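# Analysis of the macromolecular model
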Amino acid sequence: MTSSPISAAAPQDAGRERARWGGVFAMTLCVFALIASEFMPVSLLTPMAADLGVSEGLAGYGIAISGVFAVLTSLSIARLAGAMDRRTLLLALTALMALSGAVVALAPDYPTYMAGRALIGVVIGGFWSMSAATAMRLVPAGQVPRALAIFNGGNALATVIAAPLGSYLGAVIGWRGAFLCLLPVAAIAFAWQWISLPRMAAATGTTRAQVFHLLRRRPVLLGMAACGAFFMGQFALFTYVRPFLETVTRVDAKGLSLVLLGIGVSGFLGTVAIGAFLRRGLYRTLAVIPVAMAAIALVLIPAGGWLWAAGALLALWGMLATAAPVGWWSWVARNFPHDAEAGGGLMVAVVQCSIALGSTVGGLLFDGRGYQATFVAAAAILLLAALLAGLTAAATRPQAAGGEG
């Protein structure tokens, strides 16, 4: 059923004899189901809150609790999993995703709903922590960025259709039915991974202390800071795109859907195109993207009143913002060839915390000072991310003779 086990000793060499693209696409389907599960409540908050007898704000905490558990899991998954075969671990996480959907769909009360959302947080933290390490075992080293781009293609596709599909299904079969529709997708992803993933021996046990020990390396500290600043700046603005479009651009419901669809489609195209730029220059790409996004944020302030201008700028934003994570996961694969699980766990924790911090700061500024202050702050943070990416490149060069900047 599966080929011989892949050793964890040198995961970067594992796929050189044979690239296992079936496993890559199976995991991509799992990514699609995972992201759809994570963000499905966004378009279903009102009926969920009414059915569970709570406010929409309390129902929205289901997204927050998944982020908390994602951070906790990302920092401890390698230690908790121990010597478990990584194929088995991925299958267990996929099964847990299906269980989470069933718990949420059948929840008789609010605490049960929150428990189901906590389970999806565990899957998010565990799955993304292992994504780079798994890609390094499935394909040759030179194809890792492409594999990661395919993973993020599933992310982008789910982002495009999760909210509108959830809204449509909620209207037709109810919010519980919408969540139940994810179960067959999870089942297919489980079966496909069962067939296509090879056995993957666990790497040497990683403790939480060892995860944080990675930060003692200056390039790692700078890189994680750059990545965190990027996601903080991105979500300081993007979290409030809808109220910006409704109050400044003054779009109607149809126009809003079209703009959001444009952002999602552009993001998918960005994941397809980013690989060529990463091959030409990883650090250069990681620095240029936030600079371009900062420029977009600033131009949106005077141009936001025109629908065509705001739509085009946000489509470009979506292309850059969705492509950038491929670059950062490629950075993990390049800089943690023997600690990819630990590096991936640290990356997930940084990203989740940065998203929460960015959306909080953006919200405080949006409510207190208006959208202009939010967009300026987002631009400043993104420029800081570009500066830190440049410093990461400078700190990395002395450690990698002949390495690309």
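Below is a summary of the structure that appears in this document. Remember, it's a predicted structure, so these values are computed and weren't measured experimentally. (Residues numbered from 1 in each chain as written. Predicted model: local features only at pLDDT ≥ 70, side-chain atom pairs only at ≥ 80, totals over all residues. Heavy atoms only, no water.)

### Notes on the overall build of the protein chain
The helix and strand inventory of the protein chain stands at 15 helices and 0 strands. Relative to the compact-globule value of 22 Å for 405 residues, the protein chain shows a C-alpha radius of gyration of 20 Å, a close match. Counting every position in the protein chain, which comprises 405 residues, the buried fraction comes to 55%. Long-range contacts, defined here as pairs at least 24 residues apart, represent 85% of the contacts in the protein chain between residues at least 6 apart. For the protein chain, the accessible area works out to roughly 16,500 Å², and carbon and sulfur atoms hold 69% of it. (Helix = DSSP H or I, 4+ residues; strand = E, 2+ residues; numbered from the N terminus. Rg over C-alpha atoms; globule rule 2.2 N^0.38 Å. Buried < 20%, exposed > 50% of the residue type's maximum accessible area, 1.4 Å probe, protein only. Contact = heavy atoms within 4.5 Å. Areas by Shrake-Rupley, 256 points an atom, 1.4 Å probe, with all protein chains shown as cover.)

### Comments concerning the state of the cysteines
The full count for this structure, using the stated rule, is 0 disulfides. There is no disulfide at C227, and the cysteine sulfur nearest it, in C353, is 12 Å away. Residue C227 is classed as buried on the basis of its relative accessible area of 0%. For C353, a relative accessible area of 44% gives the class partly exposed. (Disulfide = S-S within 2.5 Å.)

### Focus on the nonpolar core
If you look at the biggest cluster of nonpolar residues, it comprises 111 residues, and the most contacted ones within it are F230, L245, W331 and M347. Per-element accounting of this core gives the leading share, 15 residues, to helix α13 (residues 307-335). If sequence neighbours within four positions are ignored, W331 has contacts with P219, V220, G223, M224, L282, Y283, L286, F336, M347 and T392. Ranked by size, the runner-up nonpolar core spans 23 residues in total, among them M40, L45, A105 and A178. (Core = buried A, V, L, I, M, F, W, Y, C linked by side-chain atoms within 4.5 Å.)

### So, helix α1 (residues 21-39)
A rise of 1.5 Å per residue sets the reference length of α1, with its 19 residues, at 27 Å; its end C-alpha atoms lie 27 Å apart and thus fit the reference within 8%. Of all the 19 residues making up α1, 15 are buried; the element is thus mostly covered by neighbouring parts of the structure. (Expected span 1.5 Å × (residues − 1).)

### Re the side chain of E38
Within the secondary structure, E38 is located in helix α1. Buried and unpaired, E38 has no salt bridge, with R117 as the nearest side chain of opposite charge at 6.3 Å. Excluding anything up to four places from it in sequence, E38 contacts I63, R117 and I124. (Lys, Arg positive; Asp, Glu negative; His and termini not counted. Salt bridge = Lys/Arg side-chain N within 4 Å of Asp/Glu carboxyl O.)

### What to know about the packing of helix α5 (residues 110-138) against α13
For the pair α5 and α13, the least separation of the axes is 10 Å and the interaxial angle reads 60°. By the angle class used here, α5 and α13 are oblique. Crossing angle aside, the handedness with which α5 passes α13 is right-handed. On α13, the residues that touch W128, S131, A132 and M136 of α5 are W329, V332 and A333. Looking at side-chain class alone, the contact of α5 with α13 contains 6 nonpolar, 1 polar and no charged residues. (Axes fitted to C-alpha atoms, helices over the stretch in contact; angles between N-to-C directions. Parallel < 35°, antiparallel > 145°, perpendicular 65-115°, else oblique. Left-handed = near helix turned anticlockwise from the far one by under 90°. Nonpolar A, V, L, I, M, F, W, Y, C, P; charged D, E, K, R; others polar.)

### Structural notes on the packing of aromatic side chains
Taken as a whole, this structure holds 12 aromatic pairs when the rule is applied. Where Y110 meets Y113, the ring centres are 6.1 Å apart and the plane angle is 35°; that geometry is what we call tilted. Of this pair, Y110 and Y113 both sit in helix α5, 3 residues apart, roughly one helical turn. Summarising the burial analysis for this pair, Y110 and Y113 share the class buried. Between F230 and F231 the ring centres are 5.3 Å apart and the planes differ by 90°, which places this aromatic pair in the edge-to-face class. Taken as a pair, F230 and F231 share a single burial class, namely buried. An aromatic cluster of at least three residues, connected via ring pairs, comprises F127, W128 and W329. (Phe/Tyr/Trp six-rings, centres within 6.5 Å; stacked < 30°, edge-to-face > 60°.)

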